[in-house]
Amino acid sequence: KPQNLLLSACHVTNVGAQINQMRRALEYKRSNGEDEAVNDILMKAGATAVAGAAFVLGGPALQNALVNANLGVVSTVAGADAGPFTVHFWAPMSKWLI
């Protein structure tokens with residue numbers, strides 16, 4: 001499978017920057033007495049982290065199931081070297097969603 005370590009490093013750096021921005025926003029809200037909003041954001045962030053971890057851990061099993069199901073183009077795309085189960089696919093997808 002293709003590996004693009006520079007792209008991966010860019011994603012890791014971006015995640016770190018976004019986490020720092022969230023830390024700053026939470027710090028600001030907390031200093032203004034918005035503790036309920038801070039708790040709400042932290043709960044949503046925790047749920048997102050759990051869902052992300054579940055997808056990362058369950059991805060290989062889901063990919064194998066889709067490839068072995070012989071669903072035509074769905075199985076072909078799922079098994080592609082640069083398909084939806086690789087970092088290469090999600091970089092442009094996440095930009096389109098923004």
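Residues numbered from 1 in each chain as written. Predicted model: local features only at pLDDT ≥ 70, side-chain atom pairs only at ≥ 80, totals over all residues. Heavy atoms only, no water.

Peer 1: Looking at this model, I keep getting lost on helix H2 (residues 35-68). Mind explaining?
Peer 2: For an α-helix, 3.6 residues make a turn, and residues three or four places apart therefore share a direction. Between its first and last C-alpha atoms H2 spans 49 Å; for 34 residues at 1.5 Å apiece the expected length is 50 Å, and the two agree. Along H2, the sharpest change in direction is near 50 degrees and occurs at glycine 58; proline proline 60 comes one to four residues later. Taken residue by residue, H2 has Val38, Gly59 and Gln63 as its buried positions. Turning to H2, the residues buried within the fold contact helix H1 (5-31) and helix H3 (73-79). At the exit of H2 stands asparagine 70, carrying a positive phi of roughly 50 degrees. (Helix = DSSP H or I, 4+ residues; strand = E, 2+ residues; numbered from the N terminus. Expected span 1.5 Å × (residues − 1). Bend = angle between axes of the 7 residues up to and from the residue. Buried < 20%, exposed > 50% of the residue type's maximum accessible area, 1.4 Å probe, protein only. Contact = heavy atoms within 4.5 Å.)

Peer 1: Explain H1 to me, please; I cannot follow it from the model alone.
Peer 2: Taking 1.5 Å of rise per residue, 27 residues should cover 39 Å, and H1 covers 39 Å from first to last C-alpha, within 8% of that figure. With its phi angle positive at about 80 degrees, glycine 33 sits one or two positions after the end of H1.

Peer 1: I keep staring at a nonpolar patch on the surface and nothing clicks. Help me out?
Peer 2: The grouping of Leu71, Val73, Val74 and Val77 at the surface amounts to a nonpolar patch, some 340 Å² of accessible area in total. Structurally, valine 73 can be placed in helix H3. (Patch = residues over 30% accessible without salt bridge, like charges linked within 9 Å, V, L, I, M, F, W, Y side chains within 5 Å. Areas by Shrake-Rupley, 256 points an atom, 1.4 Å probe, with all protein chains shown as cover. Salt bridge = Lys/Arg side-chain N within 4 Å of Asp/Glu carboxyl O.)

Peer 1: Help me understand the pattern of salt bridges, please; the structure alone is not making it clear to me.
Peer 2: Any two side chains of opposite charge can pair if their charged atoms end up close together. Scanning the entire structure with this criterion turns up four salt bridges. Measuring nitrogen to oxygen at the nearest pair gives 3.6 Å for the salt bridge that ties lysine 29 to glutamate 34. The exposure class assigned to lysine 29 is partly exposed, which follows from its relative accessible area of 24%. Judged by relative accessible area, which is 32%, glutamate 34 ranks as partly exposed. Between aspartate 35 and arginine 30 there is a salt bridge, and its shortest N-O distance comes to 3.6 Å. By relative accessible area, arginine 30 is classed as partly exposed at 45%.

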